[in-house]
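# Fold and contact review
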Amino acid sequence: MALPRPSENPGELSDARLVADAAHGSPDALAALYSRYAKQLLAVAYRLLQTTQDAEDVVHDVFVGLPEALRRYEERGSLRSWLHKITARVALMRLRERSARPSVELNTLSLRAGANTPDTALSIEQALRTLSPNLRAVLVLKEIEGFTHAEIAAMLDISVGASEVRLHRALAAMRAQLLDNT
Amino acid sequence: MTRLFFWRRRGLSDFADAIRPELEAIPTPEPTDQLLDRILASRATAHRIILPEPATPRPRAPRRTIVAVAMAASALLLFVPSIRRAPSAGDDVFASSGFLAREAFAQPADHDAGRRLAPVALSRPGAIRPLSLEFSRVVHNATGQLVKESVDSLAVAPATMDGTPAWQITSRLRELVDTQHRVETETLYVARRDLRFLSRAVHVSPYSRFERINIQQRFQGDSVTGRMTTDGPSIGAGRAIARRLRPELGPYLTGAFVPLALMTVPVSATWSASAGLLGWAVIPRDVYTPIELRVKGEENLTVPAGTFDCWRLSIRFSDGELSYWIRKSDGLSVRVLDERNAATTGTREAVLRRITE
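Each helix and strand in chain A was counted, giving nine helices and zero strands. Moving toward the C terminus, one meets the helices and strands of chain A in the order α-α-α-α-α-α-α-α-α. Burial statistics for chain A: of 182 residues in total, 42% are counted as buried. By sequence separation, contacts in chain A at least 24 residues apart represent 63% of the contacts at least 6 residues apart.

Right under this line is the structure:
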């Protein structure tokens, strides 16, 4: 007679167990990792790309590629940090693709129209949107995601000094935007 | 308003501290069940996506360390007037490198085994066209740790060689080896009409104990001739190249030509064929090695350059095998994965990063 197996709720399993199961292709483990981390990863992607559709596409790509990538996961840092870095890199790749095919987005247009209205003060979010993608990426990665300049430099393939300069410019531009609109 | 007054008066770091809570509070989308369904559906249809590695910060030596190292180096130069070089590896030093060649020629070539498969038929030479490709290459050690990451490039351009309309195929590999950049370039000229090799030049810098090694090859009939030379640091070495390429082991491919070769071949689900991978031909062991290519399956693969319907192939050497993905639509190389020594030395992988046409 087979011994009864303890019921396992994937939502209660440790990260290490989910990583092992997902790496072997378990859809349940992948779904559990999704429920645990998708919100944070969507936030990373959205802050860099500024559109929900693009952010969802990035998170889709990250989770579809995750089982194979987890086979190389080194477990030296936290899973959360590793996932954030990979998501940021996928989002930055999409940002570069978008830059190569320039297009003006509707939300950007409406924001610029709004900024010209004298009694409309820019919110932090709106000011963030007006930054160029290069400046916004450094600001988001440093000030919100907490990456170091060395990590940002590696992600963006720029020097540490260039990352520092971009952050300075991004903050100066944000401050100027906010002060001009008060 | 108080906050704005504060910002006017204080530095940017204070401004950053002041806006950080608001930045973090910007609303972001919620994950949906539909997105999870889309992910699981993609997995179920064998859609595979190759994710980039988490970026590895480049080491930045503190100035004090640099000064200390420079002083130590000066002291060494003062007190040790000549340093004996490590013994040379003899003839082995003049052997092929390059992504595929390095793997292939690491095996003893099985020249006498005879051909088991029909030769690769490069039957659509017109499929080669001007383009440039970029590949991301990563190397992991046996524990899965990322040890090397680089970008390789390949370009095809029209050219003329001795009056013959040709394609100039240039590949460039650049990698960091022990804090030093190693650059390898191959320039191959093939006839546009039938893709026969006309000439080839390979430069690797640095190479072994030399500042640079140069391989010049010319192709005529079943022969390859040319010269190997080296640059510095002392008097360079040089050797003539004169080898016969056995026609029954052709067609011959090189590291630069492999990513394009199957553009000219009608590949199907049951396709398999053989070819010879050309080495530098400086030493007998490194002239050519037979390879066998076989379609193993089909996959929808996402790499940084895009999502492609692919054939998954194996490339078999005398005692090893790589996995290789090509785009179904035109045979272009999309991914190479070498996991043969995953448990001992690690894995090597290259994925298509960018296509410019």
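Turning to the nonpolar core, a few remarks are in order. All names here are of chain A. Ranked by internal contacts, the top residues of the largest apolar core, which has 126 residues, are Ala45, Leu48, Val59 and Ala91. The element best represented in this core is helix 2 (residues 27–49), accounting for 16 residues. Here this core spans two domains, and each of domain 1 (9–102) and domain 2 (104–182) adds at least three residues to it.

Moving on to the confidence of the model for chain A. All names here are of chain A. A residue-level look at chain A finds 78% of positions with pLDDT of 70 or above and a mean pLDDT of 79. Below a pLDDT of 50 lies the segment residues 1–7, which in the model reaches zero contacts outside its immediate sequence neighbourhood of four places, other chains included. Here residues 102–121 scores under 50 on pLDDT; set against residues more than four positions off or in separate chains, the count is 12 contacts.

How two helices sit against one another is set out by the angle between their axes and by the gap between those axes. Residues and elements named next belong to chain A. With their axes 8 Å apart at the nearest point, helix 2 and helix 3 (residues 52–70) run at an angle of 140 degrees to one another. Classified by the angle between their axes, helix 2 and helix 3 sit oblique to one another. The handedness of the crossing between helix 2 and helix 3 is right-handed. Facing helix 2, whose interface residues are Leu30, Leu33, Tyr34, Ala38, Leu41, Leu42, Ala45, Tyr46 and Leu49, helix 3 presents Thr52, Asp54, Ala55, Val58, Val59, Val62, Phe63, Leu66 and Pro67. Taken together, the residues of the contact of helix 2 with helix 3 sort by class into 16 nonpolar, one polar and one charged.

Basis of the calculations
- Residues numbered from 1 in each chain as written.
- Chains lettered and ligands numbered in written order.
- Predicted model: local features only at pLDDT ≥ 70, side-chain atom pairs only at ≥ 80, totals over all residues.
- Helix = DSSP H or I, 4+ residues; strand = E, 2+ residues; numbered from the N terminus.
- Buried ≥ 20, exposed ≤ 12 C-beta atoms within 10 Å, placed from the backbone.
- Contact = placed C-beta atoms within 7 Å.
- Core = buried A, V, L, I, M, F, W, Y, C linked by C-beta atoms within 7 Å.
- Domains from an automatic or database assignment.
- pLDDT = per-residue confidence, 0-100.
- Axes fitted to C-alpha atoms, helices over the stretch in contact; angles between N-to-C directions.
- Parallel < 35°, antiparallel > 145°, perpendicular 65-115°, else oblique.
- Left-handed = near helix turned anticlockwise from the far one by under 90°.
- Nonpolar A, V, L, I, M, F, W, Y, C, P; charged D, E, K, R; others polar.

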